[in-house]
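Structure at a glance
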Amino acid sequence: MDDIKKEFQKAVDALKYAMELSFKEYKKDPSKKNEIVNLWQETIGEFLQYFSKISEKYNAKDLYKAITKVIIFGK
């Protein structure tokens, strides 16, 4: 479990950094709002596609459903 926690922390750190860069870029040039949103949309979409495929690979629909619930509802 420690390895998972470490990887999640790396992911959170990377997302925070990307968010910081997103807002800095927007502040510098608000006309790039749609580009920034599209980057986030593509990234999140890629993650969700992988999430679905990997749950099928491991035949873990119960884990998929539980994680999806957390993503949507925070619980």
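Above this text you will find the structure in question.
What comes next concerns the included structure. (Residues numbered from 1 in each chain as written. Predicted model: local features only at pLDDT ≥ 70, side-chain atom pairs only at ≥ 80, totals over all residues. Heavy atoms only, no water.)

1. Describing the overall build of the chain
A count of helical and extended segments in the chain gives 3 helices and 0 strands. Written out in order from the N terminus, the α and β elements of the chain read α-α-α. Taken over C-alpha atoms, the radius of gyration comes to 15 Å for the chain, far larger than the 11 Å a tight globule of 75 residues would show. Principal-axis analysis of the C-alpha atoms places the extent of the chain at approximately 45 × 25 × 20 Å. Split into buried and exposed, the 75 residues of the chain put 7% on the buried side. Summing over all exposed atoms, the chain offers an accessible surface of approximately 7,100 Å²; the carbon and sulfur share of this is 61%. Side-chain charges of the chain comprise 15 positive and 12 negative groups, with the mean position of each set lying 5 Å from the other. (Helix = DSSP H or I, 4+ residues; strand = E, 2+ residues; numbered from the N terminus. Rg over C-alpha atoms; globule rule 2.2 N^0.38 Å. Buried < 20%, exposed > 50% of the residue type's maximum accessible area, 1.4 Å probe, protein only. Areas by Shrake-Rupley, 256 points an atom, 1.4 Å probe, with all protein chains shown as cover. Lys, Arg positive; Asp, Glu negative; His and termini not counted. Charge placed at Lys NZ, Arg CZ, Asp CG, Glu CD.)

2. Some thoughts on the packing of helix H2 (residues 33–57) against helix H3 (residues 61–73)
Orientation of H2 relative to H3, taken along the N-to-C sense of each, is 155°, at an axis distance of 10 Å. Classified by the angle their axes make, H2 and H3 are roughly antiparallel. Residue-level inspection shows Phe47, Phe51, Ser52 and Ser55 of H2 in contact with H3, the latter providing Tyr64, Ile67, Thr68 and Ile71. (Axes fitted to C-alpha atoms, helices over the stretch in contact; angles between N-to-C directions. Parallel < 35°, antiparallel > 145°, perpendicular 65-115°, else oblique. Contact = heavy atoms within 4.5 Å.)

Just geometry here; none of it tells us what the structure is for.
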